[in-house]
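Spelled out, the chains give:
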Amino acid sequence: MQTRSGYDDRAATVDGALWRQAVDTLEANWEVDHTVPSRTLYPHQWSWDSAFIAIGLARVRPDRAWRELRSLFAAQWSDGRVPHIVFNPRLRPGDYFPGPEMWASTDAPGASELATSGIIQPPVHALAAERLWRLTGTSEAAAELARLYPRLVAQQRYLARRRDVGGGGLVCLVHPWESGLDNSPAWDAPLDRVPADAAVMRTYRRHDTRFVADSHRPTDLDYARYLALVSSYRERGYADDDLAGRHPFLVECPLFNALTAAAEHALAAIAPVVGADPGPHRARARALTAAIVDRLYEPASGTFRPRDLRTGTLVAPRTVLGLGPLILPELPAEQVRAVLAEACSPRFGLAERMSRPLPSHDRTAPDFEPLRYWRGPSWINTGWLVWRGLREHDRPALAAGLRDSMLDLVGRSGCHEYFHPETGAGLGSPAFSWTAALTLDLLQTP
């Protein structure tokens, strides 16, 4: 049944209150041709947010899901990169920090004509496009795929050709924001080498702490380092040549690279629909999977860790990033067992009946912080990715336990940005789009 807003109303067939809350959140956050993550904290368009949002919109408004992806890729740079923020020109300066004036993207060679950031985020977009196609399968969807496919290929080509700084076949990140897990403990050691002084933040007005307590967000020193990395990258026009010789933060992330490989699998599924050859995508996915195991798996601990290219070592903290490779369909059985053991350990508490939400960081670690952003709280998007990995590797009971845990979080606390990893209380923005979108997908997937 179509409502006046155009959404497909499933309230009669699923948990009606939860479905309605998620639909209403997405409707309230729709902005002309895209969905903002949050009306308060994040008033522009974010890259991997839009991909997750499209996955949810596929369940209720496929037309808006395609438009979400179209609007994002309209800001793609000529080298193929998809920027992590596309700024809304209708908003006033100061409505978000750091805004377009700090990024100065339009001065960079090959940049979009739209004001954007200069960095990237995990490539979830091909997964979203594949999901949209599978759920609709119409001639209109095929036409959308045909338009989007070359842009998705260009995105993957950029990652492969411009960001393999370590020479081992993996994508290198130049900023913690590129991981999507901004202040994860995984980035502490690499960030320690970035020269910065927290006092520099006195000259700026942070946007996030106007809406959320300081104790829940990255610190001023974190932000000073983030801005130093933006300056370092911007000064060379966001060029990726000679990153090893000049840029202070260079890290290979297991989640980012797993999603890059998963995108190749999605493109292999899309390729026949648009008359392309799936073979190169399958080969690239296999090569990425092998490189992730070779470079980011630590046999002694049975864990995947980011690699700091400045030291050549794997970082110490055990975070949800290490569970990311479970999404890979060709992950070897030995590593599947290892990731499951890590996920089911007291560090993360995955179980068929979960007593607490899946945290973003090892809850047994001394630096576990249940309130501070990615240093402990539970997030629906990372839980959803682990859930997909469990389904991929035929662990239905564990997948059901994680799904129930996530739906219980949203049912009790609402579509919050993130949640307390012990109590389940809602944290961050109270009306967060990817939480709403992925809730719709979870509700429609038994």
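As the structure is a computational prediction, the values presented were derived from the model and not from experiment.

S.K.: Which parts of the structure should I look at to understand the packing of aromatic side chains?
M.R.: The geometry of an aromatic ring pair is captured by the separation of the ring centres together with the interplanar angle, meaning the angle of the planes. Under the definition given, this model contains 26 aromatic pairs. Measuring from centroid to centroid gives 5.7 Å for tyrosine 373 and tyrosine 418, while their planes differ by 70°, and the two rings are edge-to-face. Residue tyrosine 373 is located in the loop between α13 (333-344) and α14 (380-392), and its partner tyrosine 418 is located in strand β11 (residues 418-419); the two are separated by 45 residues in the primary sequence. Taking 4.7 Å as the distance between ring centres and 20° as the angle between the ring planes, the aromatic pair formed by tryptophan 379 and tyrosine 418 counts as stacked. Of the two residues, tryptophan 379 sits in the loop between α13 and α14 while tyrosine 418 sits in strand β11, which places them 39 residues apart along the sequence. Lying across the ring of tyrosine 373, arginine 217 places its NZ or CZ 4.2 Å from the centre.

S.K.: So what exactly am I meant to see when it comes to the nonpolar core here?
M.R.: One broad rule of soluble globular proteins: the nonpolar side chains tend to lie buried together. Core analysis: the biggest nonpolar cluster contains 138 residues, and Phe52, Leu390 and Leu402 have the highest contact counts within it. Here this core gets 10 residues from one element, more than from any other, and that element is helix α11 (residues 254-270). For leucine 390, the residues in contact, after removing those within four places along its chain, are Leu326, Leu340, Leu350, Arg395, Leu398, Ala399 and Leu402.

S.K.: Honestly, the sheet that holds strand β9 (residues 307-308) in this entry has me stumped. Any pointers?
M.R.: In sheet architecture, strand pairing relies on hydrogen bonds along the backbone and comes in two forms, parallel and antiparallel. Read from one edge to the other, the open sheet built from 4 strands follows the order β5-β6-β9-β10, with strand pairing classed as antiparallel. Each of the sheet's edge strands pairs with one partner strand only, and the pair in question is β5 (172-173) and β10 (313-314). Bridge analysis of β9 against β10 gives 2 bridges, and the strand direction is antiparallel. Within β10, the residue paired with arginine 307 across the bridge is leucine 314.

S.K.: Help me understand the environment of glycine 94, please; the structure alone is not making it clear to me.
M.R.: Note on placement: glycine 94 falls in the loop between β4 (85-86) and α4 (100-103). Relative accessible area serves as the criterion here: at 47%, glycine 94 is assigned to the partly exposed category. On a C-alpha basis, the gap between glycine 94 and histidine 207 in space is 7.8 Å, while along the polypeptide they are 113 residues apart.

Criteria and thresholds
- Residues numbered from 1 in each chain as written.
- Predicted model: local features only at pLDDT ≥ 70, side-chain atom pairs only at ≥ 80, totals over all residues.
- Heavy atoms only, no water.
- Phe/Tyr/Trp six-rings, centres within 6.5 Å; stacked < 30°, edge-to-face > 60°.
- Helix = DSSP H or I, 4+ residues; strand = E, 2+ residues; numbered from the N terminus.
- Lys NZ or Arg CZ within 6 Å of the ring centre and 35° of its normal.
- Core = buried A, V, L, I, M, F, W, Y, C linked by side-chain atoms within 4.5 Å.
- Buried < 20%, exposed > 50% of the residue type's maximum accessible area, 1.4 Å probe, protein only.
- Contact = heavy atoms within 4.5 Å.
- Pairing = 2+ DSSP bridges.

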